[in-house]
Amino acid sequence: MNGAIEAPTIEYGQLMPMLLVFGAAVVGVLIEALAPRYLRKAIHVPVTLLSLAGAFALIILQAVRDGVPEQASAMGAIAVDGPALFIWGVILVLAFISMLLINDDDQFVAQAAAVPGSPEEEDAVAQGGAHTEVYPLALFAIGGMLLFSSANDLLIMFVALEVMSLPLYLLCGLARRRRLLSQEASVKYFLLGAFSSGFFLYGMALVYGFAGTVDLGGISSALASVGGQDSLLYIGVALLGVGLFFKIGAAPFQAWKPDVYQGAPTPITALMASGTLVAAFGAVLRVFWVALGNLDWDWRPVMWAVAILTMVVGAILAITQTDIKRMLAYSSIAHAGFLLIGVIATGDAEQNSGSLSGILFYLLTYGITTVGAFAVVTMVRDAGGEAGHLSRWAGLGKRSPLLAGIFAFFLLAFAGIPLTSGFFGKYAVFAPAVSGGALGLVVVGVISSAVAAFFYVRVIVLMFFSEPAADGPTVALPSVGTAAVVTIAAAATVVLGVFPQPVLDLADQAASALFIR
Amino acid sequence: MGVLLAVLAHAVAAVAGPWVVRRCGVRGFWWLALVPAAVTVWAAVAAPGVIEGRPVVWAAGWIPEYGVSLALRMDVLGLLMVFVVAGVGALVLGYCARYFAGTPHRGLGGFAGVFVAFAGAMLGLVLADDLILLYVFWELTTVFSYLLIGFHAEERNSRRAAITAIIVTTSGGLAMLGGFVLLGAAAGTYRISAILAAPPAGGTVPVALALVLVGALSKSALVPFHFWLPGAMAAPTPVSAYLHAAAMVKAGVYLIARLSPAFADVAPWRPVVVAAGIATMVVGAWRALRRNDLKLMLAFGTVSQLGFLCVLLGYGTRAAALAGLAMTMAHAAFKAALFMVVGVIDHATGTRDLRRLSGLRRAMPATCAVAALAAASMAGLPPLIGFVGKEAAFLALTGDPVALGGVLAGSALTVAYSARFLWGAFGAKEGHAPTEVAHPPGAAFLAPAGLLAAAGLALGAGAPALNAFTAAYVGRYPPGPHDEPLALWHGLTVPLAESALVIAAGALLFRRWRSVPAFRFPLDAEHGYRVIMRGVDRAADQATRFTQRGSLPVYLRSILLALLLLPGGALVSGGPWPHDVRPWQVPAEPAVVALVCAAALAAVLQPRRLGAVVCAGVAGTGTATLYVLYGAPDLGLTQFLTETVTLVAFVLVLRRLPARFGERQVAGIRVVNALFAVAAGLVVAGVALAAVSVRTAVPESALYPQAAERAGGTNIVNIALVDLRAWDTMGESAVLLVAAVGVVGLIYGRRRPTLPRVGDATGPVWAIPGAPRIEEPEAVRDAATWLRGAETLSPERRSILFEVAARLLFHPMLVLSAYLLFSGHGSPGGGFAAGLVTGLALTMRYLAGGRYELAEALPLGPGVCQGIGLAVVAGIGLAGLAISGEVLRQAVLDARLPLLGEVHFTTSTIFDAGVYLVVVGVVLDILRAMGAELDRRVEREHEEVATA
């Protein structure tokens, strides 16, 4: 029966960057199905990279030629506004350089279905098997990130959340070395992620019950018009928050991050730590600013608590870590806390656009440095694959001063030392927060930064001021892709630290009109 | 432009430094010294204008977004600091040329570059006219000093000192940045000159100043941050001479001097600065008195002097500021000279321990003279600049007994350790042979120290000239009662008497230094630092152990806790509770609910996997019963069937898993988990209850009867599936199929094998390894059986009863499923339920006859079933499109057929048939993959075990 459904109007032009990525993902699936095995990688690589670059070019074209749309697209389901375009650009840049890492051989398992240590696995390794499915999976995840950050209604947001997460769950389990750890990470991520998605869905249902719509703008106007069902709204918002906070890894939902970051193949970790975080913050901003902006007096205290807890947990727990990837994971948690400060610092329109611009800038700086840091991690290897344990990094500065120097530079950027991008990133978030009245948070942020600086410094000292172990790890000669990633990330970290104004201008422009509803 | 060039020249020299030193050897330091020397000369040339009140400025936009600019400004204070930084820098670089001569040092080029870079950063710091720019230079000095301190990096002590130094100063720096941002926000600009011209007040300013002070005090090594400086003395002596006498530690002093004119009277400023300064002065001097390492003695002396400087420059009166500037110059000159002297001694004798030095006065007379001159200035003896400064200080603090008393005490101690330094380094000690001097210092080695010591004398003599020099800075303070110009001789004044008293007391202390008790500051900050560090470490350890043990239940607990606190809290605090809650609708309900709860509890308590699965199945069945009780037989039926098929799938897989669960958690944890689970369940149930009770709109389901009627049926569940939401069903069918393919793919690892028929059987199926073989009689073996597949079974596995029952029940079950399929539109049933019934019939055949029986029951592969099913579903959708122009448009046919009578047929039944086929295919897949394939593997493994 299906009563006549009107064909929706879809602004294909505006959505083209996203559609291009999804299209390339579908093409990737076809390549898997049709192309002979030995040709697949050779076809995947250009398709993937060109689609990401093309999508980025389309964004620029859109921004330059048509300006920023003032209406939500696709019947109000997707908002391609200034922040969305900026976040898309950031995600695509990060995805592109992460993809260069993913290209690297020797990161992914030869045959995921073979039991670790079994003869099947040996056969697969001997035959040089490789899962080229990684490419379309990653593209789906990236497409999901784009959609997640620009979804203008909760339903689309949930779909995007799943499109983004499901491939990542799978990709996490595909590490070539230490496969059990990788599989455990995948299962943990999946189970906890499924839980949090469930909460998100439940919250969405309750908010729908309150507002009668899942449209973010509609929810915002319902806040003013609907009365008497407040607790339904509060419960719904709390559940939505659980789902979103899980994705950004805010405490107390941070526990998965270290385990998953450690277990996942490092290129995937890089993609998650950069792209997913950016996308998730896009979604957090939309839900809490667009839909619940008028409810800020109610969510702000909770958000304060979450932000403080996140910063403190991230900074303190990082100290005892002995694994480089786990340490970076905690650092990512702490950075999520710093970003939350920006989310909290709302006020009038000018204040909001200041905070938003700060967050956008921070996301870019943090994302690029993160990918660079993980790229360095992939290069320091010993017999068992990557040398994850920190003690193995002792004296790296003596063996390969350049690499250790670059890594130290990334760490200083994480710590927010001046003349690195991290400094202006932190500044960009903290300064509007001060003027927005979140002084207490900034104080906690600064203290956490100091604690965080402590463990970054410890790693630097370890690398430069210790004698290298006799059987220390070797620094793998990087592939062109990895070398490019490290170079790009280091260059961006320097340039954004010394001459940030052009990018700040861009973030400002993107943030000036705030989100469309 | 000059100010910019001064900083840039250092940057260029820093980059070129390694190359220069590599090329020219240690003489390269001379070339490098030219850069700060040139800057000093430039400053001297620019000085007259600056003193007249025309500061040298240069500014360019940097990040207009935040109002941050590259602004440099050299006013009087800046000029003075340039003299200190660049002048002493040039001398120390010259000194390096000798200090490093003769001994090969690895990485000396890098050292030279970093040293010059440090000098440049320091210069930028004192010239910066923008708070953020100042912070940038501030952190740069931290980073460079770190590299310099860690130059002898291999030693463990060196490493620890470097870490301590950078942690303390970086943390302080971050606090200071916070203060700067607050200050800038309050003032609306980061331009320092603008802030000082119109200081903001009230609001956040006191907080900002407190944070800035934390940064300044930590950088200048004041109590309570003083412990990092002596620890950092592992650095080469030139580094100590520069960083810890003239440059880095002066940064904090400089900052205090810079901000005092505007903020000395704001709440926390003066008390904090004076208290910390006095405490530092006394503690530092006291500890200096007890050191035996000359360099450490100077280090503690530096700590002490820095405290003194902070008191003066932060005091906020004209007289104190004047005294402070004089002392700043004095300190830079004598302390750098003394450090260099220590380096000379170290070089000449190979030791810095005063217990091993004796009689150097005779062996190194020139050195001794230089040291004596510098130490005299340190002790505040006339006619040196140290004396002038101290006199002025005593005068300035008159009327403030606390500050004056502290400064007097500190000065007396200073006199004592100055004397002890001289005696320790050069004096002849009883019972000690004169120390052997291996390399007597050349003139060039001693010259820098000599120049600085002489500068102390010249400045003392020319003290009146300093009044004009400092006027522009000092004039920013309000005039006070003690404003007297600097001079060597003021007449017989109280400060003169105080000076005499200090010198006398100092001399006495020096004589009796052994009886000075080893002083332990009750709040030993270094101890505090270690306690904090250890505490943070331990806290991190504990927190990691507590929250991050990699255990999924633990992670889940923290997520559930948030669920309980946030939505649970919202629910409890204001949940709209329904007014009329009836405990049950049907009397049988409580019994069923009790059964479900008991089954759930039992599932948790089961030690065996199989038992847990069965219990979970019972809980599911109970839920299905509830559906039936509530008048939804269709849902109930579907749920019953699903539970059954799931149970079968579970059992098939569980064969490959250990029978019992692995490690059980300890009882306490299980209780906690149980509490969490129950609480989470209650919250979710409560939320559901609350959500239902606030309904204001008419339920969608009110429209269902109409919708069903329009669709030509009466069973709304089925109509919703195949008609109202046919699109969904189609998608779900596809998803189900994909999931099945995925599971199958995981088990086979490749394509499904071809359908095995009875003829393919290779050996007895399900044989129990080790069981006695039962030989069947010949006649029995050839006789017809109830199920053909059963012939392949191992005899001990056969059950005649089961075979007969399966044979008899199979076809009735198929008929039942056909009935369910066709009746679905009007009464309970439908394609899904029908498919499950067929699946169960197949399951029965498999269980009774083994894996070869499957193909006998249904000679179709699961792929065929699924494919045809999905094709039918899609086809009916397309047919709707072709016929009525709308996808999935259904049609109703009513006809009278012979034999069957009145027939009511809707095309949605065909759609349902497609669903049926998909479901059958999925069940078949489960049976073949989890059943037959696992059977095959189990048998193969047994064979391998048997043959091996």
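The rules behind each value
- Residues numbered from 1 in each chain as written.
- Chains lettered and ligands numbered in written order.
- Predicted model: local features only at pLDDT ≥ 70, side-chain atom pairs only at ≥ 80, totals over all residues.
- Heavy atoms only, no water.
- UniProt positions renumbered as here; feature names shortened; annotations may be inferred.
- Helix = DSSP H or I, 4+ residues; strand = E, 2+ residues; numbered from the N terminus.
- Rg over C-alpha atoms; globule rule 2.2 N^0.38 Å.
- Buried < 20%, exposed > 50% of the residue type's maximum accessible area, 1.4 Å probe, protein only.
- Contact = heavy atoms within 4.5 Å.
- Areas by Shrake-Rupley, 256 points an atom, 1.4 Å probe, with all protein chains shown as cover.
- Lys, Arg positive; Asp, Glu negative; His and termini not counted.
- Charge placed at Lys NZ, Arg CZ, Asp CG, Glu CD.
- Buried area = accessible area lost by both parts, 1.4 Å probe.
- Salt bridge = Lys/Arg side-chain N within 4 Å of Asp/Glu carboxyl O.
- Polar contact = N/O pair within 3.5 Å; in protein donor to acceptor, adjacent residues only side chain to side chain.
- Nonpolar A, V, L, I, M, F, W, Y, C, P; charged D, E, K, R; others polar.
- Pairing = 2+ DSSP bridges.
- Axes fitted to C-alpha atoms, helices over the stretch in contact; angles between N-to-C directions.
- Expected span 1.5 Å × (residues − 1).
- Arc of directions from axis to C-beta.

The name given to chain B in an unreviewed UniProt entry is Multicomponent Na+:H+ antiporter subunit A, with the source organism recorded as Thermocatellispora tengchongensis.

Taking an unreviewed UniProt entry as the reference, chain A is identified by name as NADH-quinone oxidoreductase subunit N belonging to Thermocatellispora tengchongensis. The heading Subunit (unreviewed entry) in the UniProt record of chain A holds the text "NDH-1 is composed of 14 different subunits. Subunits NuoA, H, J, K, L, M, N constitute the membrane sector of the complex." If you open the UniProt record of chain A and go to Sequence similarities (unreviewed entry), you find "Belongs to the complex I subunit 2 family."

Peer 1: What am I meant to see in the overall build of chain B here?
Peer 2: When you go through chain B residue by residue, the secondary structure sums to 36 helices and four strands. Taking 30 Å as the expected radius of gyration for a compact globule of 948 residues, we find that chain B reaches 46 Å, considerably beyond that expectation. Along the three orthogonal principal directions, the C-alpha set of chain B runs to about 140 × 70 × 50 Å. Counting across all 948 residues of chain B, residues that qualify as buried make up 52%. Excluding contacts between residues fewer than 6 apart, the proportion of contacts in chain B whose partners are at least 24 apart in sequence is 79%. Carbon and sulfur atoms make up 67% of the accessible area of chain B, which amounts to about 40300 Å² in all. The average position of the 69 basic charges and that of the 54 acidic charges among the side chains of chain B differ by 14 Å.

Peer 1: Whenever I open this one, the UniProt feature "domain: NADH:quinone oxidoreductase/Mrp antiporter transmembrane" (unreviewed entry) in chain A confuses me. Can you help?
Peer 2: Feature annotation in UniProt assigns "domain: NADH:quinone oxidoreductase/Mrp antiporter transmembrane" (unreviewed entry) to the following positions: residues 151-450 of chain A. Annotation note: span residues 151-450 of chain A, helix share 79%, strand share 2%, distance between end C-alpha atoms 36 Å.

Peer 1: For this particular structure, what's the right way to read the interface of chain B and chain A?
Peer 2: Bring the parts together and some accessible area is lost; that lost area is often taken as the interface size. Counting residues at the interface gives 73 residues for chain B and 67 residues for chain A. Summed over both sides, the interface of chain B with chain A buries roughly 6000 Å², with 73% coming from carbon and sulfur. Our count for the chain B to chain A interface comes out at one salt bridge. A salt bridge links Asp537 of chain B to Arg458 of chain A; the nearest nitrogen and oxygen atoms lie 3.6 Å apart. Our count for the contact surface shared by chain B and chain A stands at seven residue pairs in polar contact (both at pLDDT 80 or more). Of all elements in the fold, only β1 (56-63), α5 (131-149), α6 (156-187), α22 (525-547), α23 (552-574), α27 (667-693), α29 (716-724) and α30 (726-748) of chain B reach the threshold of two or more residues within the side of chain B that touches chain A. For the side of chain B that touches chain A, the class distribution of residues is 50 nonpolar, 13 polar and 10 charged.

Peer 1: I keep staring at the sheet that holds strand β2 (residues 385-386) of chain A and nothing clicks. Help me out?
Peer 2: Working definition: the strands of a sheet are paired by backbone hydrogen bonds and lie parallel or antiparallel to each other. Residues and elements named next belong to chain A. One open sheet accounts for three strands, arranged β2-β1-β3; its pairing is antiparallel. Each edge of the open sheet carries a strand with a single partner, namely β2 and β3 (474-475). Across two bridges, the pairing between strand β1 (residues 380-382) and β2 is antiparallel. Looking across to β2, one finds that Asp382 is bridged to Gly385. Of the strands in this sheet, β1, β2 and β3 are in contact with helix α14 (residues 349-379), which crosses β1 at around 25 degrees.

Peer 1: Mind showing me how you'd approach the pairing of strand β2 (residues 68-74) of chain B here?
Peer 2: Look at any regular strand and the pattern is simple: side chains alternate between the two faces of the sheet. Residue and element names in this part refer to chain B. Within β2, five of the seven residues are buried, which leaves the element mostly enclosed by the surrounding structure. Here β1 runs beside β2; their pairing, made up of seven bridges, is antiparallel. Following the sheet pairing, Trp58 is matched in β2 by Leu72. Between β1 and β2, which pair antiparallel in sequence order, lie four residues; one of them, Gly67, sits at a positive phi of approximately 65 degrees.

Peer 1: Would you explain helix α19 (residues 480-498) of chain A in this entry?
Peer 2: Working note: α-helix, 3.6 residues per turn, so residues spaced by three or four point in the same direction. Between its terminal C-alpha atoms α19 of chain A stretches 27 Å, which fits the 27 Å expected from 19 residues at 1.5 Å a residue. Those residues of α19 of chain A lying buried are Gly481, Thr482, Val485, Val486, Ala489, Ala490, Ala492, Thr493, Leu496 and Gly497 of chain A. The buried residues of α19 of chain A all sit within an arc of 165 degrees when viewed along its axis, so they share a single face. More than 90 degrees from the buried face of α19 of chain A, the exposed residues found are Val480 and Thr487 of chain A. Buried positions along α19 of chain A lie against α3 (82-103), α14, α16 (401-415), α17 (421-435) and α20 (501-512) of chain A together with β1 of chain B.

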